[in-house]
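In case you want the letters, here they are:
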Amino acid sequence: MRPVPALLITAQLSTLGGGEARTAAGDPWPSVPVLTRVFTAPAGRPDRDQLIRTLNLTVAQVREFQRLAGSESAYAQAARTLNTAGDRALNVKLAAMNAEKDRKVRRLLGGDYAAFRAWVRAWWQAQVNRAQNR
């Protein structure tokens, strides 16, 4: 998988509507492909390692995150090839996928879910800051 350029993060923020942009800027979970960026993008390796250390993830949890990142990535690939008519259907599927991804991560992490969300918000803010300073 190719690394996600920092400018893409800024572009995603600027294409969202007013309230959505503020929400995504502060908390991208689960609508932004965080797991893909952290668990499959080569540039995400340091972030992945930090998340693993921060949450003291088990090998099984890391594998599940990698599996979920693969699903997330597949939806992102499908979105790139759609025309306008397919956008609505994909948006419905993406919303369902995001809800299911969140449910699975909640179940996977249990009591550590809140720490995961805090980590994602801090990580996202760092990504946004890097993108804006380029």
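See above for the structure.
Residues numbered from 1 in each chain as written. Predicted model: local features only at pLDDT ≥ 70, side-chain atom pairs only at ≥ 80, totals over all residues. Heavy atoms only, no water.

Student: Hey, could you go over the nonpolar core for me, with residue numbers and the actual values?
Tutor: In this structure, Leu35, Val105 and Phe116 are the most contacted members of the largest nonpolar core, which totals 22 residues. Only α3 (34-39), α4 (45-55), α5 (59-80), α6 (84-109) and α7 (113-132) provide two or more residues apiece to this core. Per-element tally for this core: the top contributor is α7, with seven residues. Excluding residues that lie within four positions of it along the chain, valine 105 makes contacts with Trp29, Leu35, Phe65, Leu68, Tyr113 and Phe116. (Core = buried A, V, L, I, M, F, W, Y, C linked by side-chain atoms within 4.5 Å. Buried < 20%, exposed > 50% of the residue type's maximum accessible area, 1.4 Å probe, protein only. Helix = DSSP H or I, 4+ residues; strand = E, 2+ residues; numbered from the N terminus. Contact = heavy atoms within 4.5 Å.)

Student: Before we move on, can you summarise the pattern of salt bridges with the specific residues and values?
Tutor: Under the defined criterion, the tally for this structure stands at eight salt bridges. In the salt-bridge network here, residues are joined through shared partners; they are Asp27, Arg117 and Arg121. (Salt bridge = Lys/Arg side-chain N within 4 Å of Asp/Glu carboxyl O.)

Student: Outline the environment of alanine 74, listing residues and values.
Tutor: Position of alanine 74 among the secondary structure elements: in helix α5. For alanine 74 and threonine 36, which are 38 residues apart along the polypeptide, the C-alpha to C-alpha distance reads 9.6 Å.

Student: Explain the packing of aromatic side chains to me, and be specific about the residues and the numbers.
Tutor: A complete count under the given rule lists six aromatic pairs for this structure. Judged by centre distance (6.1 Å) and plane angle (10 degrees), the rings of tryptophan 119 and tryptophan 123 are stacked. Taken together, the positions of tryptophan 119 and tryptophan 123, both in helix α7 and four residues apart, correspond to about one turn of that helix. Here tryptophan 119 and tryptophan 123 have matching classes, each one buried. Aromatic pair tryptophan 123 and tryptophan 124: ring centres 6.1 Å apart, planes at 45 degrees, arrangement tilted. (Phe/Tyr/Trp six-rings, centres within 6.5 Å; stacked < 30°, edge-to-face > 60°.)

Student: Can you lay out unusual backbone geometry for me, pointing to particular residues and giving the numbers?
Tutor: A cis geometry characterises the amide bond from tryptophan 29 onward to proline 30, with omega recorded as 0 degrees. Within the secondary structure layout, proline 30 lies in the loop between α2 (18-26) and α3. A positive phi angle, close to 50 degrees, is found at asparagine 56, a residue other than glycine. Looking at the element boundaries, asparagine 56 is found in the loop between α4 and α5. Judged by its relative accessible area of 63%, asparagine 56 is exposed.

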